Amino acid sequence: DVKVTQSSRYLVKRTGEKVFLECVQDMDHENMFWYRQDPGLGLRLIYFSYDVKMKEKGDIPEGYSVSREKKERFSLILESASTNQTSMYLCASSDRGLGWVVDTQYFGPGTRLTVL
Amino acid sequence: SQKIEQNSEALNIQEGKTATLTCNYTNYSPAYLQWYRQDPGRGPVFLLLIRENEKEKRKERLKVTFDTTLKQSLFHITASQPADSATYLCAAKTGFQKLVFGTGTRLLVSP
């Protein structure tokens, strides 16, 4: 059974704190993604990584950075948390999606982050 | 820009009826569309994929259609049950290795 795990289900942080969200997948997928999901706005891509140490900005990268030192692990970093970063954060992974291979995404359970 | 649109209003139906959800796409022609289910407080879970050369795809009580002329996919749940209540997301490939998701339609099935 495929599995994507996230380090925390719920997290409460203070404004200005540095926040680390970790994601681990056990499917040997090349691609990993970080999204945030807010009511009415749907899933918005923050960053994605298509290989170890490789990353690409998504639609809303401001205020975030990422790290992928190992294939199975993808970290999202909030350098200085702000209240407008209160959200549900979802990690996903997928196959490369080349040729006939489909890049279905497998999601983790999500981290509900509250910044006070 | 490439866009996926789903009806943001919740769909309320009676148990046993067929639920039909709509996904429209604009400004491109995806090779395939994917449908996901999301329960409250959880990550989306993949349900079905339909390719552009397939008119219809079925899996148990689920049926998906893909109309490239209308630029639309319909997602049907037949003999719906309260356990089918969830938000359903449509997604299509955009650019390199990425998917764009619709905002989802919430389905509520009443006993």
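What comes next concerns the included structure. (Residues numbered from 1 in each chain as written. Chains lettered and ligands numbered in written order. Predicted model: local features only at pLDDT ≥ 70, side-chain atom pairs only at ≥ 80, totals over all residues. Heavy atoms only, no water.)

**Considering the overall build of chain B**
Each helix and strand counted, chain B has 0 helices and 11 strands in total. When the elements of chain B are put in sequence order from the N terminus, they spell out β-β-β-β-β-β-β-β-β-β-β. Once the C-alpha set of chain B is aligned to its principal axes, its extents read approximately 40 × 30 × 20 Å. Evaluated residue by residue, chain B yields a buried proportion of 46% over its 111 residues. Once local pairs closer than 6 in sequence are excluded, the contacts in chain B between residues at least 24 apart make up 53%. Accessible area for chain B stands at about 5,500 Å²; split by element, carbon and sulfur atoms hold 48% of it. With 15 positive and 10 negative side-chain charges, chain B shows a separation of 4 Å between the mean positions of the two kinds. (Helix = DSSP H or I, 4+ residues; strand = E, 2+ residues; numbered from the N terminus. Buried < 20%, exposed > 50% of the residue type's maximum accessible area, 1.4 Å probe, protein only. Contact = heavy atoms within 4.5 Å. Areas by Shrake-Rupley, 256 points an atom, 1.4 Å probe, with all protein chains shown as cover. Lys, Arg positive; Asp, Glu negative; His and termini not counted. Charge placed at Lys NZ, Arg CZ, Asp CG, Glu CD.)

**Notes on the sheet that holds strand 6 (residues 56–59) of chain B**
All names here are of chain B. Strand order in this open sheet of 5 strands is 1-3-8-7-6, and the pairing throughout is antiparallel. For this open sheet the edge positions go to strand 1 (3–6) and strand 6, each flanked by a neighbour on one side alone. Looking at each pair of strands side by side, their axes are set apart by 15° on average, direction ignored. (Pairing = 2+ DSSP bridges. Axes fitted to C-alpha atoms, helices over the stretch in contact; angles between N-to-C directions.)

**Concerning the sheet that holds strand 7 (residues 64–70) of chain A**
Strand-to-strand pairing in sheets goes through backbone hydrogen bonds, with the strands running parallel or antiparallel. Residue and element names in this part refer to chain A. Read across the sheet, 4 strands follow the order 1-3-8-7 without closing on themselves; strand pairing throughout is antiparallel. Of all strands in the sheet, those bounded by a partner on one side alone are strand 1 (4–6) and strand 7. Each neighbouring strand pair of the sheet contributes to a mean axis angle of 20°, computed without reference to strand direction. When strand 3 (residues 19–25) meets strand 8 (residues 73–78), the two strands line up antiparallel, connected through 6 bridges. Bridging across to strand 8, Phe20 finds its partner in Ile77.

**Some thoughts on the pairing of strand 6 of chain B**
Residues and elements named next belong to chain B. Bridge count between strand 6 and strand 7 (residues 62–67): 4 bridges; the pairing is antiparallel. Among the inter-strand pairings, Lys57 is bridged to a residue of strand 7, identified as Val64. If you look at the hairpin formed by strand 6 and strand 7, you'll find 2 residues sitting between the two strands, and Glu60 has a positive phi there, around 55°.

**Remarks on the interface of chain A and chain B**
Contact residues are listed per partner, giving 28 residues for chain A and 19 residues for chain B. When the two sides are added together, the surface that chain A and chain B hide from each other amounts to roughly 1,900 Å², 53% of it contributed by carbon and sulfur. On inspection of chain A and its partner chain B, the count reaches 1 salt bridge. With its nearest N and O atoms 3.6 Å apart, the salt bridge here joins Glu56 of chain A to Lys98 of chain B. Between chain A and chain B we count 4 residue pairs in polar contact (both at pLDDT 80 or more) in total. (Buried area = accessible area lost by both parts, 1.4 Å probe. Salt bridge = Lys/Arg side-chain N within 4 Å of Asp/Glu carboxyl O. Polar contact = N/O pair within 3.5 Å; in protein donor to acceptor, adjacent residues only side chain to side chain.)

**Looking at the state of the cysteines**
Residue and element names in this part refer to chain B. One pass over the structure, following the stated rule, counts 2 disulfides over all chains. Here Cys23 pairs with Cys90 through a disulfide, and the sulfurs are 2.0 Å apart. Sign of the S-S torsion, about -65° for the bond between Cys23 and Cys90, identifies this disulfide as left-handed. Here Cys23, found in strand 3 (residues 19–26), pairs with Cys90, found in strand 9 (residues 86–94); they are 67 residues apart in sequence, far enough to count as distant. Overall, the relative accessible area of 0% leaves Cys23 in the buried class. On the basis of relative accessibility, which here comes to 0%, the residue Cys90 falls in the buried class. (Disulfide = S-S within 2.5 Å.)

**Some points on the nonpolar core**
Among the nonpolar cores identified, the biggest contains 24 residues, and Ile4, Leu33, Trp35, Phe75, Ile77, Tyr88 and Leu107 of chain B are the most heavily contacted of them. Of all the secondary-structure elements, those providing two or more residues to this core are strand 3, strand 4 (32–38), strand 5 (45–51), strand 7, strand 8 (72–77), strand 9 and strand 11 (105–110) of chain B. Formed by 21 residues, the second largest nonpolar core is a distinct cluster that contains Trp34, Tyr47, Tyr64 and Ala81 of chain A. (Core = buried A, V, L, I, M, F, W, Y, C linked by side-chain atoms within 4.5 Å.)

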